[in-house]
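Structure at a glance
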Amino acid sequence: MAIERTLSIIKPDAIAKNVVGDIIRRFEENGLSVVATRRIHLTAEQAGRFYAVHKDRPFFGPLCAFMSSGPILAMVLEGKNAVRLNRQLMGATNPKEADAGTIRADHAESIDANAVHGSDSLENAATEISFFFADIDIYSS
Ligand code: ADP
Ligand code: MG
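Residues numbered from 1 in each chain as written. Chains lettered and ligands numbered in written order. Predicted model: local features only at pLDDT ≥ 70, side-chain atom pairs only at ≥ 80, totals over all residues. Heavy atoms only, no water.

**Things to note about the overall build of the chain**
Stated formally: Helix numbering and strand numbering both begin at the N terminus, where a helix is a DSSP run of H or I of at least 4 residues and a strand a DSSP run of E of at least 2. In this setup the radius of gyration rests on C-alpha atoms only. A globule is expected at 2.2 Å times the number of residues raised to 0.38. Categorising residues by exposure relies on relative accessible area from a 1.4 Å probe, with only protein chains included: less than 20% of the type maximum marks a residue as buried, more than 50% marks it as exposed, and the intermediate range marks it as partly exposed. Here the Shrake-Rupley method, with its probe set to 1.4 Å, supplies the accessible areas, and only the displayed protein chains count as covering residues. Charge assignment in this entry is limited to Lys and Arg as positive and Asp and Glu as negative, and neither His nor the chain termini are counted. Note that the charge is assigned to NZ on lysines, CZ on arginines, CG on aspartates and CD on glutamates.
When helices and strands are counted, the chain shows 7 helices and 4 strands. Along the chain, helices and strands appear, N-terminal first, in the series β-α-α-β-α-α-β-α-α-β-α. For 141 residues, the compact-globule formula gives about 14 Å, and the C-alpha radius of gyration of the chain, at 14 Å, lands near that figure. With the C-alpha coordinates of the chain rotated into their principal frame, the extents come out at 35 × 35 × 25 Å. Buried residues in the chain amount to 48% of all 141 residues. Carbon together with sulfur atoms contributes 51% to the accessible area of the chain, which is approximately 7400 Å² in total. One finds the centroid of the 15 positive side-chain charges in the chain at a distance of 1 Å from the centroid of its 18 negative side-chain charges.

**Some points on the nonpolar core**
Where a protein is soluble and globular, its nonpolar side chains tend to be buried together. Note the cut-off: To qualify as a nonpolar core, a set must consist of buried Ala, Val, Leu, Ile, Met, Phe, Trp, Tyr and Cys residues joined through side-chain atoms within 4.5 Å. When checking whether two residues touch, look at their non-hydrogen atoms; a contact exists if any pair is within 4.5 Å.
If you look at the biggest cluster of nonpolar residues, it comprises 22 residues, and the most contacted ones within it are Ile 9, Met 67, Phe 132 and Phe 133. Among the secondary structure elements, those contributing two or more residues to this core are strand 1 (3-10), strand 2 (33-40), helix 3 (44-50), helix 4 (60-67), strand 3 (72-80) and helix 7 (122-132). In this structure, Phe 132 is in contact with Leu 7, Ile 9, Arg 38, Ile 40, Leu 42, Phe 50, Ile 72 and Ala 74, ignoring residues within four places of it in sequence. Core analysis: the next-biggest nonpolar cluster, separate from the first, contains 19 residues, Ile 10, Ile 24, Leu 77 and Met 90 among them.

**Observations regarding the packing of aromatic side chains**
Rule in force here: A pair of aromatic rings is counted whenever rings of Phe, Tyr or Trp (Trp by its six-membered ring) have centres within 6.5 Å, and the orientation is called stacked for planes under 30 degrees apart, edge-to-face for over 60 and tilted otherwise.
Applying the stated criterion across every chain yields a total of 5 aromatic pairs. Taking the centre distance of 5.4 Å and the plane angle of 65 degrees together, the rings of Phe 50 and Phe 131 count as edge-to-face. Residue Phe 50 is found in helix 3, and its partner Phe 131 is found in helix 7; the two are separated by 81 residues along the sequence. Given a relative accessible area of 28%, Phe 131 falls into the partly exposed group.

**Thoughts on unusual backbone geometry**
Unusually for a residue other than glycine, Asn 81 sits at a positive phi of about 50 degrees. For Asn 81, the location among the structural elements is in the loop between strand 3 and helix 5 (82-90).

**Points about the site of ligand 1**
Where we set the bar: In these notes, residues near a molecule or strand are those with any non-hydrogen atom within 4 Å of it. N or O atoms closer than or at 3.5 Å make up a polar contact, with two conditions inside protein: a donor-capable atom paired with an acceptor-capable one, and, for residues adjacent in sequence, both atoms drawn from side chains. Gly is put with the polar residues, along with every residue not named as nonpolar or charged; the nonpolar set is Ala, Val, Leu, Ile, Met, Phe, Trp, Tyr, Cys and Pro, and the charged set is Asp, Glu, Lys and Arg.
As a matter of local geometry, ligand 1 sits amid Lys 11, Tyr 51, His 54, Phe 59, Leu 63, Arg 87, Thr 93, Arg 104, Ile 111, Asp 112 and Asn 114. At 3.3 Å from an oxygen atom of ligand 1 is found a main-chain nitrogen or oxygen belonging to Asp 112. In the model, an oxygen atom of ligand 1 is placed 2.9 Å from a nitrogen or oxygen of the Asn 114 side chain. When ligand 1 is considered free in solution it has 520 Å² of accessible area, and contact with the protein chains removes 78% of it. For the shell around ligand 1, the class distribution of residues is 4 nonpolar, 3 polar and 4 charged.

**A look at the pattern of salt bridges**
Note on pairing: side chains with opposite charge can pair once their charged atoms come close. Note the following rule: Salt bridges are counted wherever a side-chain nitrogen of Lys or Arg sits within 4 Å of a carboxyl oxygen of Asp or Glu.
In the structure shown here, the tally under the stated rule is 7 salt bridges. Put simply, Arg 25 and Glu 29 hold a salt bridge, and the shortest N to O gap is 2.9 Å. With Arg 25 and Glu 29 both in helix 2 (residues 20-29), this residue pair falls 4 residues apart, about one helical turn. A residue is classified by how much of its surface remains accessible, and Arg 25, at 35% relative accessible area, is partly exposed. Here Asp 106 and Arg 26 are joined by a salt bridge, their closest N and O atoms 2.9 Å apart. Placement of the pair is Asp 106 in helix 6 (residues 103-107) and Arg 26 in helix 2, with a sequence separation of 80 residues. Among the ionic contacts, a cluster of salt bridges with common partners joins Asp 22, Arg 25, Arg 26, Glu 29 and Asp 106.

Quick look at the structure:
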């Protein structure tokens, strides 16, 4: 199994609920290490650039408004199969469909306010990490 890096974001709803520690605990207990962190309040324009892949979707406007509604915590997670493992720990996009015990099942309210973001492929992980972090901001354990 390859050691990978992936981008995780704790979204404004989960920041407002003060569950940062619980979410990071789940990553660490499952073998992922937090190797970079950045707390930032995106503008709607920055959120739109991050989610440009969704620009033609009907939910794009509300998504950008939500992601810029409060601070977020962007993180780089590192570990074996980090991309897939993070997606498993997150659960399905719609919390109503998320497996019991996943982050979204436990902390998300709706499909738009769904607590966390995670890269969906190794290629997208590299692009998304570079959106928030320079190489010198990331320190492996
Ligand atoms: P994921 O975050 O699970 O990778 P997507 O990449 O498909 O999901 O979508 C990005 C984000 O856009 C979702 O996390 C969610 O916040 C929002 N979103 C996706 N689909 C919908 C929808 N049908 N209605 C409202 N918001 C949505
Ligand atoms: Mg996605």
